[in-house]
Protein chains: 2
Amino acid sequence: MYRQGMKLYTHAPSANGWKVEVALAQLGVPFERIDVAIFRGGSHTPEFLRKNPAGSVPVLELDDGTCLPESNAILWHVTRGTWLQPEDAAAQARALGWLMFEQNQIEPVIGSARYWKLTGRDRGREDELRRRVEQGARALRALDGHLASRDWLVGDRYSLADIAVYAYGHVAPDVGIDLAATPAVARWFARVEAQPGWFPGPAPYGADAMIG
Amino acid sequence: MYRQGMKLYTHAPSANGWKVEVALAQLGVPFERIDVAIFRGGSHTPEFLRKNPAGSVPVLELDDGTCLPESNAILWHVTRGTWLQPEDAAAQARALGWLMFEQNQIEPVIGSARYWKLTGRDRGREDELRRRVEQGARALRALDGHLASRDWLVGDRYSLADIAVYAYGHVAPDVGIDLAATPAVARWFARVEAQPGWFPGPAPYGADAMIG
């Protein structure tokens, strides 16, 4: 039912938004894409805050008007009952575990560091940036240990967990993290990029994201 | 099946571990509690890293030996099919959205700031601490907007979403966040604390967590 008339509110430089676009493309699910100018306040208007009180993209609006915020919760919802989500309850919990890890140890770490660095927001917090880069490198080493003996994060096939962790994981070199230290992660990135329907993302930050 | 012989690896000062203990208590599910001395390296032994490559607690070990890391993924798993998890798919996705918000905007923000402040790790990163406190206050204001017209985060009853967001949300005063600015959040904290089976947590940090 949610597959008709879905609207995705997103912004091209968001890897959180990219996750959902890739999953919907790989599932062949049509949707209307609405760009939100997040660097010009577009996600903090009264209208948008009614869709997501946290004022972040992406938000998926279902055909009945229900709004679902949070990229990984959207990923979960759109992959329910599809080949992109494990069937077994314990495997679903392990996939959710990777989604949580991503929102805790990858997105606010590698993602934030990259955002600061590429948009000029690192000035005045060089120490904090350095600590986030170290934390991001540790997260990739944990991933590397897991992937050393596996092709995919959960079970023996590509799933929503791979999409979610790849999103801000694969931009690690943008903050100076050398993937040579995590060869299993580097090989897994290549496997993700070889999946049918994959396309590159996120888009570069535009001039509206720059400070200074 | 997972309700027999479950082992929860946790540490009392962890509010992530507390979430799972409260949910299991409220569901009346028995489990064996195993304390992991995380400040003495207990979550980074080769044996523990096989349970969770990220080296964090809590981890739930099911009776077949399957290990589930990440507090919110464990919460999801143990509340499946119970009164603590919404039944409707869209409501489940909204609950998951709050779990993601918590792991992204509450736990690494209020939780980390509190950890630094209470254990002496704030020295040398006073600016970073101040920014996290500001970010935590913003997160609570977003919550306050949502709770201004609602008693619970999802639908009209207490659920796993309330447990998850309460865990590191309610310790905000420990980092100097004044709850008078978010009265709907303060009232919601009191509602959570009035639920049958609720108990206070997390435990204070022990001497092993302090740096000198």
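Residues numbered from 1 in each chain as written. Chains lettered and ligands numbered in written order. Predicted model: local features only at pLDDT ≥ 70, side-chain atom pairs only at ≥ 80, totals over all residues. Heavy atoms only, no water.

1. Side note on the overall build of chain A
In plain terms, the rule: Counting from the N terminus, the helices are DSSP H or I runs at least four residues long and the strands are E runs at least two residues long. Only C-alpha atoms enter the radius of gyration; for comparison, a globular chain is expected to reach 2.2 Å times N to the power 0.38, where N is the number of residues. Categorising residues by exposure relies on relative accessible area from a 1.4 Å probe, with only protein chains included: less than 20% of the type maximum marks a residue as buried, more than 50% marks it as exposed, and the intermediate range marks it as partly exposed. When checking whether two residues touch, look at their non-hydrogen atoms; a contact exists if any pair is within 4.5 Å.
Scanning chain A from N- to C-terminus turns up 7 helices and 4 strands. Reading chain A from its N terminus to its C terminus gives the helix and strand order β-α-β-α-β-β-α-α-α-α-α. In summary, chain A has a C-alpha radius of gyration of 17 Å against a globular reference of 17 Å for 212 residues, a match within 12%. Based on the C-alpha atoms only, the size of chain A along its principal axes is roughly 50 × 45 × 25 Å. Looking at chain A as a whole, 59% of its 212 residues qualify as buried. Of all intrachain contacts in chain A linking residues separated by at least 6 positions in sequence, the fraction that spans at least 24 positions is 71%.

2. Notes on the packing of helix H3 (residues 71-79) of chain A against helix H4 (residues 89-119) of chain B
Convention followed: Throughout, an axis means a line fitted to C-alpha atoms (over the contacting stretch in the case of helices), and angles, computed between N-to-C directions, take values from 0 to 180 degrees. Oblique is the label for any angle not covered by the other classes, which are roughly parallel (under 35 degrees), roughly antiparallel (over 145) and roughly perpendicular (65 to 115). Helix crossings fall into two classes, left-handed where the near helix is turned counterclockwise from the far one by less than a right angle and right-handed where it is turned clockwise. As a working rule, the residues Ala, Val, Leu, Ile, Met, Phe, Trp, Tyr, Cys and Pro are called nonpolar, Asp, Glu, Lys and Arg charged, and the rest polar, with Gly in that last group.
One way to put it is that H3 of chain A packs onto H4 of chain B with a least axis distance of 8 Å and a crossing angle of 150°. By the angle between their directions, the pair H3 of chain A and H4 of chain B is classed as roughly antiparallel. In the packing of H3 of chain A onto H4 of chain B, the handedness of the crossing is right-handed. In contact with Asn 72, Ala 73, Trp 76 and His 77 of chain A of H3 of chain A, H4 of chain B contributes Ala 89, Ala 90, Ala 93, Leu 96, Gly 97 and Met 100 of chain B. When grouped by side-chain class, the residues that make up the contact of H3 of chain A with H4 of chain B number 7 nonpolar, 3 polar and no charged.

3. Looking at the relation of the copies chain A and chain B
Our working definition: The copies are overlaid by a least-squares fit using only the C-alpha atoms of residues whose pLDDT is at least 70 in both copies.
Superposition record for chain A on chain B: RMSD 0.1 Å, screw rotation 180°, translation along axis 0.0 Å. Such a turn and shift between the copies fits a two-fold axis. When each C-alpha of chain A is compared by its distance to the rotation axis, Asn 104 of chain A comes out closest, at 2.6 Å. Of the interface residues in chain A, 100% have counterparts in chain B that sit at the interface too, so the contact is made through matching surfaces.

4. Concerning unusual backbone geometry
Residue and element names in this part refer to chain A. Look at the link from Gly 201 to Pro 202: it is a cis peptide, with omega at -5°. Following the sequence through the fold, Pro 202 ends up in the segment after helix H7 (183-193). Phi is positive for Glu 70, close to 75°, though the residue is something other than glycine. Counting through the fold element by element, Glu 70 comes out in the loop between strand S4 (67-69) and H3.

5. Digging into helix H6 (residues 160-169) of chain A
Residues and elements named next belong to chain A. Across the 10 residues of H6, 10 count as buried, placing the element largely inside the fold. Burial in H6 covers these residues: Leu 160, Ala 161, Asp 162, Ile 163, Ala 164, Val 165, Tyr 166, Ala 167, Tyr 168 and Gly 169. Residues of H6 that are buried in the fold lie against helix H1 (15-27), H3, helix H4 (89-119), helix H5 (126-147) and H7.

6. With respect to the pairing of strand S2 (residues 32-35) of chain A
Residues and elements named next belong to chain A. Our working definition: Note: two strands are recorded as paired if DSSP finds a minimum of 2 bridges between them. Orient the strands so they point away from the viewer, and a crossover whose first-strand-to-second-strand path over the helix runs clockwise is right-handed.
Across 4 bridges, the pairing between strand S1 (residues 7-10) and S2 is parallel. The residue of S2 that forms the bridge with Tyr 9 is Ile 34. With respect to chirality, the unit in which S1 leads through H1 into the neighbouring parallel S2 is right-handed.

7. Considering the sheet that holds S4 of chain A
Residues and elements named next belong to chain A. Read across the sheet, 4 strands follow the order S2-S1-S3-S4 without closing on themselves; strand pairing throughout is mixed. In this open sheet, the two edge strands, each paired with only one partner strand, are S2 and S4. Across the sheet, the mean angle separating the axes of adjacent strands is 20° when strand polarity is ignored. Strand direction decides the pairing type here: strand S3 (residues 59-61) and S4, joined by 3 bridges, are antiparallel. Bridge pairing in S4 places Glu 61 opposite Cys 67. Docked against the sheet, H3 engages S3 and S4, running at close to 125° with respect to S4.

8. Concerning the pattern of salt bridges
We count it as follows: The rule for a salt bridge is simple: a side-chain nitrogen of Lys or Arg has to be within 4 Å of a carboxyl oxygen of Asp or Glu.
Evaluation of the coordinates by the stated rule reveals 22 salt bridges over all chains. Across the pair Glu 128 of chain A and Arg 132 of chain A runs a salt bridge, and its minimum N-O distance is 3.1 Å. You can see Glu 128 of chain A and its partner Arg 132 of chain A sitting in helix H5, 4 residues apart, about one turn around the helix. Across the salt bridge formed by Lys 51 of chain B and Glu 61 of chain B, the nearest N and O atoms sit 3.0 Å from each other. Here the residue Lys 51 of chain B occupies a position in helix H2 (residues 46-51), and Glu 61 of chain B occupies one in strand S3 (residues 59-61), the gap between them amounting to 10 residues. Of the two residues, Lys 51 of chain B and Glu 61 of chain B, both sit in the buried class. Among the charged side chains, a network of salt bridges with common partners joins Glu 21, Arg 33 and Asp 35 of chain A.

9. Concerning the sheet that holds strand S1 (residues 7-10) of chain B
Residues and elements named next belong to chain B. Here we have 4 strands laid out as an open sheet, ordered S2-S1-S3-S4, and mixed in their pairing. The open sheet is flanked by strand S2 (32-35) and strand S4 (67-69), the only strands paired with a single partner. Neighbouring strand axes in the sheet, compared pairwise and without regard to direction, differ in orientation by 20° on average. Taken strand by strand, helix H3 (residues 71-79) contacts S3 and S4, and its axis lies near 125° from that of S4.

10. A short note on the interface of chain A and chain B
Operational definition: Accessible-area loss on putting two parts together, using a 1.4 Å probe and summing over both, is the definition of buried area adopted here.
In this complex, chain A contributes 35 residues to the contact, which on the side of chain B involves 35 residues. Approximately 2900 Å² of surface area, both sides summed, lies buried where chain A meets chain B, with 63% of it carried by carbon and sulfur atoms. Joining chain A to chain B, the criterion identifies 2 salt bridges. Between Arg 131 of chain B and Glu 128 of chain A there is a salt bridge, with the nearest N and O atoms lying 2.5 Å from each other. Those elements that place two or more of their residues in the side of chain A that touches chain B are S4, H3, H4 and H5 of chain A. The greatest single-element share of the side of chain A that touches chain B, amounting to 15 residues, is contributed by H4 of chain A.

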